[in-house]
Amino acid sequence: MAWQRLAAASLLAFAVSAIDLDINDPDSVKHAAFITSHGMMSYYSGNESGQTPGYLPGSGTPEGYYWWEGGAMFGSLIDYWYYTGDSTYNDVLTQGMLFQVGVDENYQPDNASTSLGNDDQAFWAMSAMKAAELRFPNPPEDKPQWVPLVQTVFAYQVGRWDTKTCGGGLRWQVFQFNNGYDYKNAISTGCLFNMASRLGKYTGNSTYLDWAEKAYDWIKSVDLIDPKTYAVYDGVSVTDNCTSLNRLQWSYNFGVLLYGAACMWNVTGSDQWKKEVTSLLTGGQVFWPKGVLKEVACEDSANCNNDQKSFKAYTSDWMAETAKVAPFTEPTISPILAASAKAAAVQCSGGNDGVTCGMKWGQSTWDGSAGVGQQMAAMEIFNTQLAKYVAGPITNGDSGLSKSDPNAGNSATTDAQPSSHTSLIDMGDKAGAGILTFLFAATTIGGAVWVSL
Ligand SMILES: *[C@@H]1O[C@H](CO)[C@@H](O)[C@H](O)[C@H]1NC(C)=O
Ligand SMILES: *[C@@H]1O[C@H](CO)[C@@H](O)[C@H](O)[C@H]1NC(C)=O
Ligand SMILES: *[C@@H]1O[C@H](CO)[C@@H](O)[C@H](O)[C@H]1NC(C)=O
Ligand SMILES: *[C@@H]1O[C@H](CO)[C@@H](O)[C@H](O)[C@H]1NC(C)=O
Ligand SMILES: *[C@@H]1O[C@H](CO)[C@@H](O)[C@H](O)[C@H]1NC(C)=O
């Protein structure tokens, strides 16, 4: 393909500076997505011999990338394949996603226990959901399959739905011994909502839609969605029965709810869901103050952590998908994504290769930062510019490749401790050996939260 040769050529040429992007030319957009995907994957060596498939550098440590981001990255590569048609990374991402399923095929591998949030688990599952929705090739028949993986994670999370405090919701952390077990947040319950709405849309099974309603209602009941402005706040503490809010606003909290609500509208056609989608989009305006996406809680001050540097990747994708499944949002969403893509191309002008992406899309010069999150966010915003050339995600009745298994997750347990596969003694050893990991577990997703609580 012409754009791939072009891409290869510009990676070789020196004195490349910034990514030349014409959003009206699909070859130019594919070229931009390829360049950024290449930069992103330069961080990944999980497919090399002796390495662990699915791990990004420093997996599980504060200096490195937390375990969940690998799963999120594979989802972004499924998007890359879907929008550009380039299957370069298909085998690598399939290998990583299957290696990390864990003994119970529920994306709770023992190694991840010391910082396992419900949201961490869900990010892997949402990538599996995406594989099904976008008709990504199925895993080999003797391996776990995409939709059953999501159904299993759903079953585990429903088992952890917690009515003892705050009238419901999901706690952030899965296990009692981790910091963050006392916190119920928009992203954990929001991911369950997002998965449930998509499972409902994909399978047509109303059990999932009922759970989606329940999760969304709970989020509103504790004012994680501001009743007046529809701002989406980060979380609430169970220690005071969820009466005091942490009002930090992260773009992915908005995005995860927006896309879930859009799927609910798509399935139900109801005016109520239309109103929720529209109101969330209005509340989301905080994230494009000048018409370009911005991680407002940390971007100006340049103190976003590695997690937060990746949030715009998911927000971009969820906004693009929302425009597909709830077309009445398209006139609002498209100009934001287009302007953000142009701005990101300008920001991808750093590093030795001249095409390394920083985070500050509104800024005319490279911000000096580099990493998986910045590359992923730029790649995803470029991908969105190809949306008009692809079909939308699969809906019930369409020809999905991945088959539902209503029994998946039947053996799910309500686990406040790791599964029987890991004894507590093992856990103690792990925590002892990696005490820093343990202490810093609280700085996983939404880490700034703890500072401000
Ligand atoms: C690992 O994946 C990269 C693509 O990201 C590829 O270039 C490389 O050849 C792969 N390595 C192995 C050992 O398959
Ligand atoms: C868990 O960690 C061990 C030791 O680092 C590694 O050999 C193994 O492959 C890891 N398992 C998974 C599923 O990541
Ligand atoms: C905690 O909040 C829930 C609803 O948010 C309420 O039903 C319950 O009565 C409250 N419990 C206490 C002890 O205040
Ligand atoms: C629902 O979403 C699908 C894509 O998943 C789209 O093709 C369809 O047009 C949407 N339905 C409505 C009523 O907009
Ligand atoms: C719908 O999904 C639920 C939860 O996975 C499952 O228990 C139930 O059997 C499914 N119903 C049908 C008709 O497949």
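Residues numbered from 1 in each chain as written. Chains lettered and ligands numbered in written order. Predicted model: local features only at pLDDT ≥ 70, side-chain atom pairs only at ≥ 80, totals over all residues. Heavy atoms only, no water.

Peer 1: Quick rundown of the site of ligand 2? Include the residues and the values.
Peer 2: Around ligand 2, the neighbouring residues are Thr52, Tyr55, Phe99, Gln100 and Asn111. Here an oxygen atom of ligand 2 and a side-chain polar atom of tyrosine 55 are 3.2 Å apart. Between ligand 2 and the protein, one listed contact pairs an oxygen atom with a side-chain N or O atom of asparagine 111 at 2.3 Å. Alone, ligand 2 offers 360 Å² of accessible surface; in the complex the protein occludes 49% of this. Class assignment for the residues of the shell around ligand 2 results in two nonpolar, three polar and no charged. (Near = heavy atom within 4 Å. Polar contact = N/O pair within 3.5 Å; in protein donor to acceptor, adjacent residues only side chain to side chain. Areas by Shrake-Rupley, 256 points an atom, 1.4 Å probe, with all protein chains shown as cover. Nonpolar A, V, L, I, M, F, W, Y, C, P; charged D, E, K, R; others polar.)

Peer 1: Describe the environment of alanine 155, and please don't skip the residues or the numbers.
Peer 2: Within the element layout of this structure, alanine 155 appears in helix α6 (residues 146-159). Residues alanine 155 and asparagine 407, spaced 252 residues apart in sequence, show a C-alpha to C-alpha distance of 9.6 Å. If sequence neighbours within four positions are ignored, alanine 155 has contacts with Ala408, Gly409 and Ala412. (Helix = DSSP H or I, 4+ residues; strand = E, 2+ residues; numbered from the N terminus. Contact = heavy atoms within 4.5 Å.)

Peer 1: Could you give me a rundown of the sheet that holds strand β3 (residues 245-246), with the residues and numbers involved?
Peer 2: A sheet is described by the order of its strands in space; here three strands give the open sequence β1-β2-β3, paired in antiparallel fashion. Looking along the sheet, the strands with just one partner apiece sit at the ends: β1 (183-185) and β3. Strand direction decides the pairing type here: strand β2 (residues 235-237) and β3, joined by two bridges, are antiparallel. Note on β3: the bridge partner recorded for valine 236 is leucine 245. (Pairing = 2+ DSSP bridges.)

Peer 1: Outline the site of ligand 5, listing residues and values.
Peer 2: With respect to spatial proximity, the complete set of residues near ligand 5 consists of Asn205, Thr207, Tyr208 and Pro406. Here an oxygen atom of ligand 5 sits 2.3 Å away from a polar atom, N or O, in the side chain of asparagine 205. Relative to its unbound accessible surface of 370 Å², ligand 5 loses 49% to contact with the protein. For the shell around ligand 5, the per-class residue count stands at two nonpolar, two polar and no charged.

Peer 1: Got a sec to walk through empty space enclosed by the protein? Specific residues and values, please.
Peer 2: With the rule as written, the count across this model stands at two cavities of 30 Å³ or more. Empty space within the largest cavity amounts to approximately 130 Å³. Taken together, 14 residues form the lining of the largest cavity, with Ser127, Lys130, Tyr314, Asp317 and Trp318 sitting closest to its centre. Among the elements of the structure, α3 (67-84), α5 (118-133) and α12 (311-325) are those that each provide at least two residues to the lining of the largest cavity. Looking at side-chain class alone, the lining of the largest cavity contains five nonpolar, three polar and six charged residues. (1 Å grid on protein atoms, 1.4 Å probe; cavity = no way out; pocket = protein on both sides within 12 Å on 5 of 7 lines; lining within 4 Å. Points joined across faces, edges and corners; volume = space filled by probe spheres on them.)

Peer 1: Give me the lowdown on the pattern of salt bridges, citing residues and values where you can.
Peer 2: Taken as a whole, this structure holds 10 salt bridges when the rule is applied. Between lysine 220 and glutamate 276 there is a salt bridge; the shortest N-O distance is 2.8 Å. One end of the pair, lysine 220, is in helix α8 (residues 206-221); the other, glutamate 276, is in helix α10 (residues 271-283), and 56 residues separate them in sequence. A relative accessible area of 28% means that lysine 220 is categorised as partly exposed. Two residues, aspartate 300 and lysine 294, come together in a salt bridge whose shortest N-O distance is 3.0 Å. Relative accessible area serves as the criterion here: at 56%, aspartate 300 is assigned to the exposed category. (Salt bridge = Lys/Arg side-chain N within 4 Å of Asp/Glu carboxyl O. Buried < 20%, exposed > 50% of the residue type's maximum accessible area, 1.4 Å probe, protein only.)

Peer 1: Summarise the packing of aromatic side chains; cite the residues concerned and give the values.
Peer 2: All told, the structure shown has 28 aromatic pairs when counted by the stated rule. A centroid spacing of 6.3 Å and a plane angle of 25° characterise the contact between phenylalanine 123 and tyrosine 252, whose relative ring orientation is stacked. Taken together, the residues span a long stretch of sequence, with phenylalanine 123 in helix α5 and tyrosine 252 in helix α9 (residues 251-268) at a distance of 129 residues. The exposure classification of phenylalanine 123 matches that of tyrosine 252, with both residues buried. Three or more aromatic residues joined by ring pairs form one cluster here, namely Trp68, Phe123, Trp250, Tyr252, Phe311, Tyr314 and Trp318. Positioned over the ring face of tyrosine 181 is arginine 171, at 4.2 Å from the centre of the ring. Lying over the aromatic face of tyrosine 233, arginine 247 brings its terminal NZ or CZ to 5.0 Å of the ring centre. (Phe/Tyr/Trp six-rings, centres within 6.5 Å; stacked < 30°, edge-to-face > 60°. Lys NZ or Arg CZ within 6 Å of the ring centre and 35° of its normal.)

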